[in-house]
Amino acid sequence: MKLFEPLQLGSLTIPNRMIMAPLTRTRAGVEHMPNALMAEYYAQRASAGLIISECTMILPNTSAFIAEPGIYSDEQVAAWKQVTQAVHAKGGKIFLQIWHAGRAAHPNMCNGQQPISASAIAIEGDTHTPQGKADYVIPRAVQVDEIPSLVKAFVHAARNAIHAGFDGVEVHGANGYLIDQFLRDGSNKRTDNYGGSVENRARFLFEVLNAVSAEIGSERVGLRLSLLNSYNSMMDSNPVILANFLAEQLNAFNLAYVHIMRADFFAAQTGDVLTPFHAKYQGTIIANMGYSAEEAEQAIQAGKVDAVAFGTGFLANPDLPERIRVGAAWNAPNPKTFYTPGAEGYTDYPFLAD
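One structure accompanies this document, and this report is about it. Keep in mind that what you see is a predicted model, and the values were worked out from it rather than measured. (Residues numbered from 1 in each chain as written. Predicted model: local features only at pLDDT ≥ 70, side-chain atom pairs only at ≥ 80, totals over all residues. Heavy atoms only, no water.)

1. Brief notes about the packing of aromatic side chains
Geometrically, a pair of aromatic rings is defined through the distance of the ring centres and the angle of the planes.
Phase 1: For the structure shown, the criterion picks out 17 aromatic pairs.
Phase 2: Note on W80 and F166: the rings are 5.2 Å apart at their centroids and 70° apart in plane angle, and the pair reads as edge-to-face. Pair noted here: W80 is in helix α2 (residues 74-89) and F166 is in the loop between α3 (147-163) and β10 (168-173), with a separation of 86 residues, a long-range link.
Phase 3: Residue class for F166 comes out buried when judged on its relative accessible area of 4%.
Phase 4: A ring pair is formed by Y231 and F266, whose centres lie 6.5 Å apart and whose planes are at 25°; its orientation type is stacked. Of the two residues, Y231 is situated in the loop between β11 (221-225) and α7 (239-249) and F266 in the loop between β12 (257-261) and α8 (274-280); the sequence distance between them amounts to 35 residues.
Phase 5: Here the aromatic residues F154, F182, Y194 and F204 are joined through ring pairs into a cluster of three or more.
Phase 6: Directly above the aromatic system of Y194 lies the positively charged group of R203, at a separation of 6.0 Å from the ring centroid. (Phe/Tyr/Trp six-rings, centres within 6.5 Å; stacked < 30°, edge-to-face > 60°. Helix = DSSP H or I, 4+ residues; strand = E, 2+ residues; numbered from the N terminus. Buried < 20%, exposed > 50% of the residue type's maximum accessible area, 1.4 Å probe, protein only. Lys NZ or Arg CZ within 6 Å of the ring centre and 35° of its normal.)

Here it is, written out as structure tokens:
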């Protein structure tokens, strides 16, 4: 099977093409500190060709999930080392997904601070906070002179990730968080050099990629995109045009990979954003969302993608590659424990040999 062939990601050779997608699991506590339970969880899944970690905060007071991890402090760097060491001890490879929540952050989790975004437009609906459910708040539009400090925060996070032992980083440009809020015109109504045209809306992303690549080497940098996904009240007037533009422009960065979510969680937007990347992007493409093993194999064999990322498949099946290899049934994930604290629904999913 093509799924079991090695793949070159920048300077890194991974042993197979079954990628563990980033999955928010909220086991880091309100201090946003990686821990031994997280190390066990990731090490269990080290047979993935590459593990991409859960979204990880690049700055304090940017929390969207209460108990997600961070990578902005020396203490967090030291705590992440137990995770990377545990994964590497099992022969695995792991990238850290670095992330700014933008308007998805909430003051109840951020010491009362108003969130920031491309424009002063709130996410619709409410979110879970330590004080219970609360409506999302209207963010403050980022000022142009603040953008360099945000870019520096991504660079600092990337440097910290390498110090913590990660094999690279994935810049989170998807799912309605800060970079995505700049990229798509439903959330970006700016009239300066960071709004309007696709070139302007992509400017912040490109500045982050340039700076992070200069710091740790582009061969250790991946990017995640979700140009169709309407999660977090996201929308774009023409996601296919955006996909075509990015597919061409990202060739200049020599990234380890581009990781594309091919669809919308809620089916509010439809379109084909993979084909433009297949046609115009010259680097490695990882695709994600709803793939079976059979469809993943077919997509790789057809040359449409180079690898496929599985989310809940790896969540519930720590030995997913072995299950695919022998044609075994997959454990069913339990959504009730996706975001709860503790080992239940986290490190207690059975292996085939159990």
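2. Describing the packing of helix α1 (residues 36-44) against α2
Phase 1: Where α1 meets α2, the closest approach of the two axes is 8 Å, and the angle between their N-to-C directions is 25°. Between α1 and α2, the angle is such that the two are roughly parallel. Our pair here, α1 against α2, has a crossing hand that is right-handed. Note on element contacts: α2 touches α1 through W80, Q82, V83, A86 and V87, opposite A36, M38, A39, Y42 and A43. (Axes fitted to C-alpha atoms, helices over the stretch in contact; angles between N-to-C directions. Parallel < 35°, antiparallel > 145°, perpendicular 65-115°, else oblique. Left-handed = near helix turned anticlockwise from the far one by under 90°. Contact = heavy atoms within 4.5 Å.)

3. Comments concerning the nonpolar core
Phase 1: Among the nonpolar cores identified, the biggest contains 88 residues, and I98, F204, L246, L250 and F277 are the most heavily contacted of them.
Phase 2: Per element, the largest residue contribution to this core is nine residues, and it comes from α3.
Phase 3: Discounting chain neighbours no more than four positions away, the residues touching L246 are L183, A202, L205, F206, L225, L227 and F277.
Phase 4: In terms of nonpolar packing, the next biggest core, distinct from the first, is built from 14 residues, L7, L9, I286 and A307 among them. (Core = buried A, V, L, I, M, F, W, Y, C linked by side-chain atoms within 4.5 Å.)

4. Brief notes about the sheet that holds β11
Phase 1: Strand order around the closed barrel formed by eight strands is β3-β4-β5-β10-β11-β12-β13-β14, with parallel pairing between neighbours. Averaged over all pairs of adjacent strands, the angle between strand axes in this sheet comes to 25°, irrespective of strand direction.
Phase 2: With two bridges joining them, strand β3 (residues 18-20) and strand β4 (residues 50-57) adopt parallel strand pairing. Bridge assignment links I19 to a residue of β4, and that residue is L50.
Phase 3: Those strands touched by α3 are β5 (94-99) and β10, and its axis lies near 160° from that of β5. (Pairing = 2+ DSSP bridges.)

5. Considerations on the side chain of H259
Phase 1: By secondary structure assignment, the location of H259 is in strand β12.
Phase 2: For H259, a relative accessible area of 0% corresponds to the buried category.
Phase 3: Engagement of the side chain of H259 in a polar contact is seen with the side chain of R224, the distance being 3.5 Å.
Phase 4: Setting aside residues no more than four positions away along its own chain, H259 makes contact with P22, I52, E170, L223, R224, L225, I286, N288 and A309. (Polar contact = N/O pair within 3.5 Å; in protein donor to acceptor, adjacent residues only side chain to side chain.)

6. A short note on unusual backbone geometry
Phase 1: Even without being a glycine, N254 presents a positive backbone phi close to 55°.
Phase 2: Given the relative accessible area of 57%, N254 is considered exposed.
Phase 3: Of note, A267 is a non-glycine position whose phi angle comes to about 60°, a positive value.
Phase 4: The topology assignment puts A267 in the loop between β12 and α8.

7. Topic: the pattern of salt bridges
Phase 1: If you walk through the whole model with that rule in mind, you get nine salt bridges.
Phase 2: Ionic pairing is found between R159 and E215, a salt bridge with its closest N-O pair at 2.9 Å. Here E215 lies in helix α6 (residues 203-216) and R159 lies in helix α3, a separation of 56 residues in the sequence.
Phase 3: Judged by relative accessible area, R159 falls into the partly exposed class, the value being 31%.
Phase 4: Residue classification places E215 among the partly exposed residues on the basis of a relative accessible area of 34%.
Phase 5: Linking E322 and R325 is a salt bridge whose minimum nitrogen-to-oxygen distance equals 2.7 Å. (Salt bridge = Lys/Arg side-chain N within 4 Å of Asp/Glu carboxyl O.)

Note that every value here comes from positions in space, so none of it alone points to a role or purpose.
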